[in-house]
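# Working through the structure, step by step
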Amino acid sequence: MTLRHFLRDDDLTPAEQRKVLDLAMAFREDRFVRQPLAGPRAVAFITDKPTLRTQVSFAAGIAELGGFPLSVDGNLAQIGVRESIADTTRVLDRQVAAIVWRTYADERLQEMAATSRVPVVNALTDGFHPCQVLADLLTIAQHRGGVGGIKGQTLAYVGDCANNMANSYLLGGATAGLHVRLGGPASFLPDETVVAQAADIAAVTGGSVTITSDPVAAVTGADAIATDTWVSMGDEAQSIERETPFVPFRLDTALLSHAKPDAIVLHCLPAYRGKEITAEVIDGPQSVVFDEAENRLHAQKALLTWLLERRQR
């Protein structure tokens, strides 16, 4: 039996990511094609941060896999405060088939994975949002002729390039063989270590990584453009001062016009119309944000299936 966790995007090799995405496409066609949690077996879903899409997609997905989504309120559990992360994990892994955690510092998730005897999945941390990027890759596949159509596409991300989505676009996009371009203010660029790791992956997969502070250069000729809120969870107190540097990176029709005519628009949601993206873009014909939101369900079901079936071998 092989225990694997999914804490960040590069925990999957390019070949493994392809298998997960192929399975996700199969789940798009038949939502009950595999049921590794039949029994039902429980999966713990712990949330320390506000959530809608993550909670709904994991709860529905676990149920459709034949399992029971066991919701754990992180604020009530006070993991790491009332009880250590290690002890909490030892309680959970005797009773559930997998643990999904939406939390703050990546070190919390790493500590859980180091203790757990069942797969641990990152449902969002301050550093990474890998399940979202799996869904985004699936959305690109959906609109570009299948999983085989992902490699070689250009994905531009504009806005806060120092956040978890930027890190995951770098690693997950490079793993998929995308040409990943990040455009953001000079004071909000990604961690150099993550950029270097993504570049190493891209050298193997045929992708590339570009970081720029020119929004037009970032999106010119892109096949897909993504953005995210300018104020991430935990940064709300800085909302006013954070907005000004990002205004040139607002995804509006003028910026979108520099991409390919058939470029698709991605946003992980929730969106703040008039800030990081205009209403006419997110509600326009090139927007696929609600396909993207649905694809969280299919991608996460595929990921859990892949992790659980490896565990059962």
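Just above, that's the structure.
All values reported here derive from a predicted model rather than from experimental measurement. (Residues numbered from 1 in each chain as written. Predicted model: local features only at pLDDT ≥ 70, side-chain atom pairs only at ≥ 80, totals over all residues. Heavy atoms only, no water.)

## Regarding the sheet that holds strand 4 (residues 120-124)
As summarised here, the arrangement of the four strands in space is 2-1-3-4, forming an open sheet in which the pairing is parallel. In this open sheet, the two strands that pair with only one neighbour each are strand 2 (68-73) and strand 4. The mean angle between the axes of side-by-side strands here comes to 20°, regardless of whether they run parallel or antiparallel. (Pairing = 2+ DSSP bridges. Helix = DSSP H or I, 4+ residues; strand = E, 2+ residues; numbered from the N terminus. Axes fitted to C-alpha atoms, helices over the stretch in contact; angles between N-to-C directions.)

## Comments concerning the pattern of salt bridges
Counted according to the given criterion, the structure contains 14 salt bridges. The salt bridge partner of Lys49 is Asp126, with a shortest N-O separation of 2.7 Å. With Lys49 in the loop between strand 1 (42-47) and helix 2 (53-64) and Asp126 in the loop between strand 4 and helix 6 (130-143), this pair connects stretches of sequence that are 77 residues apart. When salt bridges that share partners are traced, they join Arg31, Glu64 and Lys301 into one network. (Salt bridge = Lys/Arg side-chain N within 4 Å of Asp/Glu carboxyl O.)

## Observations regarding the sheet that holds strand 6 (residues 179-183)
A sheet is described by the order of its strands in space; here five strands give the open sequence 7-6-5-8-9, paired in parallel fashion. Of all strands in the sheet, those with a lone pairing partner are strand 7 (208-212) and strand 9 (264-267), marking the two edges. Across this sheet, the average inter-strand angle for adjacent strands is 20°, counted without regard to direction. Relative to strand 9, helix 6 is tilted by about 160°, and along the sheet it contacts strand 8 (224-227) and strand 9. Sheet strands touched by helix 7 (residues 164-175): strand 5 (154-158), strand 6, strand 7 and strand 8. Its angle to strand 6, the strand with the most contacts, is close to 165°. (Contact = heavy atoms within 4.5 Å.)

## Here's the deal with helix 4 (residues 85-92)
Here helix 4 has its buried residues at Ile85, Ala86, Thr88, Thr89 and Leu92. Here the buried residues of helix 4 occupy an arc of 160° about the axis, which is enough to place them on one side. Looking at the buried positions of helix 4, the neighbouring elements they touch are strand 1, strand 3 (98-102) and helix 5 (106-115). (Buried < 20%, exposed > 50% of the residue type's maximum accessible area, 1.4 Å probe, protein only. Arc of directions from axis to C-beta.)

## A look at unusual backbone geometry
In this chain, Gly39 is followed by Pro40 through a cis amide linkage whose omega measures 0°. Tracing the sequence through the fold places Pro40 in the loop between helix 1 (14-29) and strand 1. The residue after Leu269, namely Pro270, is reached through a cis peptide bond having omega 0°. Here the phi dihedral of Leu124 falls at roughly 140°; this positive angle occurs in a residue that is not glycine.

## Regarding the packing of aromatic side chains
Applying the stated criterion to the full structure yields four aromatic pairs. Taking the centre distance of 5.8 Å and the plane angle of 20° together, the rings of Trp230 and Phe246 count as stacked. Residue Trp230 is found in the loop between strand 8 and helix 10 (239-246), and its partner Phe246 is found in helix 10; the two are separated by 16 residues along the sequence. Take Trp230: its relative accessible area is 2%, and that puts it in the buried class. With relative accessibility at 0%, the residue Phe246 sits in the buried group. Grouping aromatic residues by their ring pairs yields a cluster made of Phe188, Trp230 and Phe246. Across the ring face of Phe32, the terminal group of Lys301 is positioned such that the distance to the ring centre comes to 5.8 Å. (Phe/Tyr/Trp six-rings, centres within 6.5 Å; stacked < 30°, edge-to-face > 60°. Lys NZ or Arg CZ within 6 Å of the ring centre and 35° of its normal.)

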